[in-house]
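Given next are the chains, with one letter for each unit.
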Amino acid sequence: MSNTAQSLSLERKIKMHEAREGLINRLALVLPQSITLDRFLTVIVSELGRMMNVDRCDVIQLKSASELRISHEWRASSDVPSSLGTVIPLDLKQLSDHVDIRKPIRFDDISSVGLNQKVRFLAESLGTRSLLVVPVMLGDDVLGLVGLHTTRTPREWLEDEVSFLQSIAGQIAIGYQYTRLYTDKEREAETKRALLSIANALNARSDFREVSTLVLERAIALLGADYSALGVLDPAGGRISLAAFKAAPHAATGSVQGLLETHGQSLDVTAFPAMVEVLAQGKTLRLLETDLPFPIRLLFNSVLGGRAALVAPVRVAGHTFGLIGLVWSEARGGFDDHEVALVEGIADQIGTALERDQLSAEIMHLRSALHERYGEERIIGQTHTIRRAIELALSVADTQTTVLIEGESGTGKELLANLIHFNSGREDQPYVKLNCGAIPETLLESELFGHEKGAFTDARALRRGRFEEANGGTLFLDEVGEMSLSAQVRLLRVLQDGEFTRVGGSEVIKTDVRVLAASNVDLKRAVELGSFRQDLFYRLSVFPITLPPLRERPDDIHPLVIHFVEHYKQKTGRFISGISKDALQALITYEWPGNVRELENAIERAVIIASGRQIEVEDLPEAISKIALQERDRIKVERAKAASEGRTTTFEVTVPSSMEEIERLAIEATLDYTAGDKSHAARALGIGRKTLYRKLDQYNGG
């Protein structure tokens, strides 16, 4: 070819350099307004494609050491085949045998004889006839490639065009570095803004569950995860318990929820070496499914619904308090440093918040719930009545108001009192409890107010009463309805005036005590009967809270069973694989005259008996198992009798149908069978009457 054919004309060179200057000027105008790498590369391919008069111009980014991806593309017209988003597997060693991506690559015609078959196949798959590619280099690193394509006819790429494209690639590298630095700063600023937003949310709230749920919700939104969880370690560091769980609206977490229902909300950390390492080293775990052995990967995918995860330690006062984890259900190639920094920042925010005074009370409550720090269990329940009682307790906790907690024996009145005290602002002060029903009437006043030496026989020394012991803190009076009338008079004076005298003494003693009272008898009825003073009743019931009996909240029995099974597995050291459906059904349909306390005792007994297997009906106390077995036999007999008399009925289910629809059909068919007798229908269905009535109200839109 002639020199003219081998190089560009002077006129063409001038136009190209003018176009190059125009491109740089336009970039200078665009970048300050919208300085993102995506915007920058979009402008590059469109300007460059038009300038070079090609069919297609694209940017090929090096996504990893083994993969190229066409991330940005310009086409001269819609009929030019698109290659946007194409992923090209890359073996650098193998590729280097044929081409060097650090130098310009040009193919005037991919149909030429002698061209490597792999290169020809790749070009043809992209719809390319002629190709010029130059690397975008920053130092010795290849950031990506810029490609020019003709798709219909071959084209001879001239040296001047190659040099020109290399100069443009140099500008791209500078712009790439500039935008990357700017993007990094923007990400840093965005992270700071996100953490500040979370800090403000933490400052505005003091309820730990509310705070932790809000933080997880923000974390999911910021990082695009499917769900997130916060776990709290026990003092020994051997087990972690779920403190909060939040899923994105689109996330499918049925398998995770099922896992929690089956195995409870406590996990043996020592069974997971990676988790132990996170706790020990205090470093964030970047978990990708590709890094896992196949059996564990299968478990991660199918049970946890995850393909990638970040797990960071939450530290309080230099000690690991727990873990925060985020899970993605889509495959990821890795995690950016700014994503890890954000998760670690959120973990630090939680740790900082936990150290602040405004959250210390709820932390103590949480620790007492999870680790039995105060020898109590947390309040389990999601039904409206129990949640309302908890909401009322938390709303009155940080006031000085006297609270009267009413409910049957075993419903959890003391637990609610604990919740109030440990969220009251007095949690670091004395918390004194007295069961008025367990103290003989003659000694009750002495227990409450103390006595002077010689006040009565056996009063050999001065004794401080519970009001003095609780000064500055909280006094919980359980079974207050069992008080004698004389003790009631003295209690009323303390509540009204904040002062009392010891038995046998005359010195007036001032006291600052917040009183919480509980009763399993109807105090209003006791007032009518004359066994309880009306003025004291009104003084105690400034803020009444009623706890419902367990039979009125059957939906809470299942989570309570899971909680107690897990608790007594740990306490007794017995392994229990679970509980059978029949045994669980027997527990749900039982009336529970002893309420939650009776349920707890039943589970403790069953765990001991069923060691090494699952709990069956026969492992339950006789009062429960006998009723369940009788009911099972009764239904069998009734079914057989109905069949012999031709009174059986069936109903059809259209698949697919929701469980709610199937349940409704079963209830309606059973009511038809019992001729509308709801009590009979409830027995036949194996559910409580109240449960049946509630479901019928739901179906009727009530």
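Residues numbered from 1 in each chain as written. Predicted model: local features only at pLDDT ≥ 70, side-chain atom pairs only at ≥ 80, totals over all residues. Heavy atoms only, no water.

Along its length, the protein chain carries 26 helices and 23 strands. Sorting the 702 residues of the protein chain into buried and exposed places 46% on the buried side. Considering only intrachain contacts with a sequence separation of at least 6, the fraction spanning at least 24 residues in the protein chain is 65%. (Helix = DSSP H or I, 4+ residues; strand = E, 2+ residues; numbered from the N terminus. Buried < 20%, exposed > 50% of the residue type's maximum accessible area, 1.4 Å probe, protein only. Contact = heavy atoms within 4.5 Å.)

Turning to its location among the elements, Val45 is positioned in helix α3 (residues 37-51). Not counting chain neighbours up to four residues away, the residues in contact with Val45 comprise Cys57, Asp58, Val59, His72, Glu73 and Trp74.

In a regular helix each residue adds 1.5 Å, so 13 residues correspond to 18 Å; helix α17 (residues 485-497) covers 18 Å between its end C-alpha atoms and thus fits that length. Burial in α17 covers these residues: Ala487, Gln488, Leu491, Leu492, Val494 and Leu495. Buried residues of α17, seen end-on, are gathered within an arc of 160 degrees and therefore sit on one face of the element. Turning to α17, the residues buried within the fold contact α15 (441-449), α16 (466-469), β17 (474-478), β18 (499-500), β20 (514-519) and α19 (534-540). (Expected span 1.5 Å × (residues − 1). Arc of directions from axis to C-beta.)

So, on to the confidence of the model for the protein chain. In low-pLDDT segments, the atomic positions of the prediction should not be examined closely. When the pLDDT values of the protein chain are averaged, the result is 78; 73% of them are 70 or greater. Overall, residues 1-5 carries pLDDT values under 50, and its contacts beyond four positions in sequence, including any with other chains, amount to three contacts. Below pLDDT 50 for its whole length, residues 357-377 participates in 62 contacts with residues either more than four positions away or in separate chains. (pLDDT = per-residue confidence, 0-100.)

The next thing to look at is helix α26 (residues 689-699). Quick reminder: α-helices carry 3.6 residues per turn. Residues three or four places apart thus point the same way. For α26, the set of buried residues is Thr691, Leu692, Lys695, Leu696 and Tyr699. Considered in projection along α26, the buried side chains sweep an arc of 135 degrees and stay on one side of the axis. Contact partners of the buried residues in α26: α24 (659-673) and α25 (678-685).

Our focus in this paragraph is the packing of aromatic side chains. All chains considered together, the criterion is met by eight aromatic pairs. Judged by centre distance (5.8 Å) and plane angle (80 degrees), the ring pair of Phe422 and Tyr431 falls under edge-to-face. Ring centres of Phe449 and Phe500 lie 5.8 Å apart, and the angle between their planes is 40 degrees; this geometry places the pair in the tilted category. Of this pair, Phe449 sits in helix α15 while Phe500 sits in strand β18, placing them 51 residues apart in sequence. The pair formed by Phe449 and Phe500 is uniform in burial state, with each residue classed as buried. One aromatic cluster is present, formed by Phe449, Phe467 and Phe500 through successive ring pairs. Sitting over the ring of Trp328, Arg332 keeps its end group 5.1 Å from the ring centre. (Phe/Tyr/Trp six-rings, centres within 6.5 Å; stacked < 30°, edge-to-face > 60°. Lys NZ or Arg CZ within 6 Å of the ring centre and 35° of its normal.)

To continue, consider the environment of Ile44. Along the chain, Ile44 turns up in helix α3. For Ile44, a relative accessible area of 2% puts it in the buried group. In the structure, Ile44 is positioned 127 residues away from Gln171 in sequence and 9.9 Å away in space, judged by C-alpha atoms.

Time to look at the packing of α15 against α17. At a closest axis distance of 9 Å, the pairing of α15 and α17 adopts a crossing angle of 15 degrees. The orientation of α15 relative to α17 falls into the category roughly parallel. For the pair α15 and α17, the crossing hand works out as left-handed. Taken together, the residues of α17 that come into contact with α15 (itself represented by Leu444, Glu445 and Phe449) are Ser486, Ala487, Arg490, Leu491 and Val494. Residues of the contact of α15 with α17, tallied by class, amount to five nonpolar, one polar and two charged. (Axes fitted to C-alpha atoms, helices over the stretch in contact; angles between N-to-C directions. Parallel < 35°, antiparallel > 145°, perpendicular 65-115°, else oblique. Left-handed = near helix turned anticlockwise from the far one by under 90°. Nonpolar A, V, L, I, M, F, W, Y, C, P; charged D, E, K, R; others polar.)

A few words now on the sheet that holds strand β13 (residues 403-406). Read from one edge to the other, the open sheet built from five strands follows the order β14-β17-β20-β13-β21, with strand pairing classed as parallel. This sheet does not close on itself; its edge strands, each paired only once, are β14 (431-435) and β21 (543-546). Averaged over all pairs of adjacent strands, the angle between their axes in this sheet comes to 15 degrees, without regard to strand direction. (Pairing = 2+ DSSP bridges.)

Attention now moves to unusual backbone geometry. Of note in the backbone geometry, Asn53 takes a positive phi value of approximately 55 degrees without being a glycine. Using a relative accessible area of 62% as the deciding quantity, one classes Asn53 as exposed. The residue Trp592 is not glycine, and still its phi comes out positive at about 55 degrees. Following the sequence through the fold, Trp592 ends up in the loop between α21 (581-589) and α22 (595-609).

Covered by surrounding structure in β13 are Val403 and Ile405 together with Leu404 and Glu406, the residues of both alternating faces. As paired elements, β13 and β20 share four bridges and run parallel to each other. Within the sheet, the bridge partner assigned to Leu404 lies in β20 and is Ala517. Sheet topology note: the β13/β21 ladder contains four bridges and is parallel. Residue Val403 lies in a different strand from β21, and its bridge partner there is Phe543.

Attention shifts here to the pattern of salt bridges. When the charged atoms of two side chains lie near each other, side chains of opposite charge can form a pair. This model, assessed by the stated rule, comprises 26 salt bridges. Of the charged contacts, one joins Arg332 and Glu339 as a salt bridge, the two residues approaching to 2.7 Å between their closest N and O atoms. Here Arg533 and Asp535 are joined by a salt bridge, their closest N and O atoms 2.7 Å apart. By relative accessible area, which is 30% here, Arg533 ends up partly exposed. Its relative accessible area of 33% is what places Asp535 among the partly exposed residues. (Salt bridge = Lys/Arg side-chain N within 4 Å of Asp/Glu carboxyl O.)

With that settled, consider the environment of Trp74. Its place among the elements puts Trp74 in strand β2 (residues 67-75). Look at Trp74 and you get buried, because its relative accessible area is 14%. Sequence separation between Trp74 and Val43 is 31 residues; the distance between their C-alpha atoms is 9.4 Å. Setting aside anything within four residues of it in sequence, one finds Trp74 in contact with Val45, Ser46, Gly49, Arg50, Val54, Asp55, Arg56 and Cys57.

Attention now moves to the side chain of Asp226. Among the structural elements, Asp226 can be located in the loop between α7 (208-223) and β7 (227-233). Excluding its chain neighbours within four sequence positions, the residues that come into contact with Asp226 are Ile220, Ala247, Ala248, His250, Ala251, Val327, Trp328, Ser329 and Glu330.

A few words now on the nonpolar core. Proteins that are soluble and globular tend to have nonpolar side chains buried together. Counting residues in hydrophobic clusters, the biggest one holds 30 residues, and the most contacted among them are Leu448, Phe467, Leu477, Met483, Leu491 and Phe532. Elements supplying a minimum of two residues to this core: β14, α15, β17, α17, β20, α18 (523-529) and α19. At five residues, α17 tops the list of elements feeding residues into this core. Setting aside anything within four residues of it in sequence, one finds Leu477 in contact with Leu434, Cys436, Leu448, Met483, Leu491, Val515, Leu516, Ala517 and Ala518. In terms of nonpolar packing, the next biggest core, distinct from the first, is built from 28 residues, Val215, Ala244, Ala308 and Phe335 among them. (Core = buried A, V, L, I, M, F, W, Y, C linked by side-chain atoms within 4.5 Å.)

The next thing to look at is the side chain of Asp478. Within the secondary structure, Asp478 sits in strand β17. Of the side chains with opposite charge, Lys413 lies nearest to the buried Asp478, which makes no salt bridge, at 5.2 Å. Ignoring sequence-local partners within four residues, the contact set of Asp478 consists of Lys413, Leu434, Asn435, Cys436, Gly437 and Ala518. (Lys, Arg positive; Asp, Glu negative; His and termini not counted.)

This brings us to the packing of α24 against α26. Between α24 and α26, whose axes approach to 11 Å, the crossing angle comes to 115 degrees. In this view, α24 runs roughly perpendicular relative to α26, as classed from their interaxial angle. Judged by the sense of rotation from one axis to the other, the crossing of α24 with α26 is left-handed. Together, Glu660, Glu663, Arg664, Ile667 and Leu671 of α24 and Leu692, Lys695, Leu696 and Tyr699 of α26 make up the contact between the two elements.

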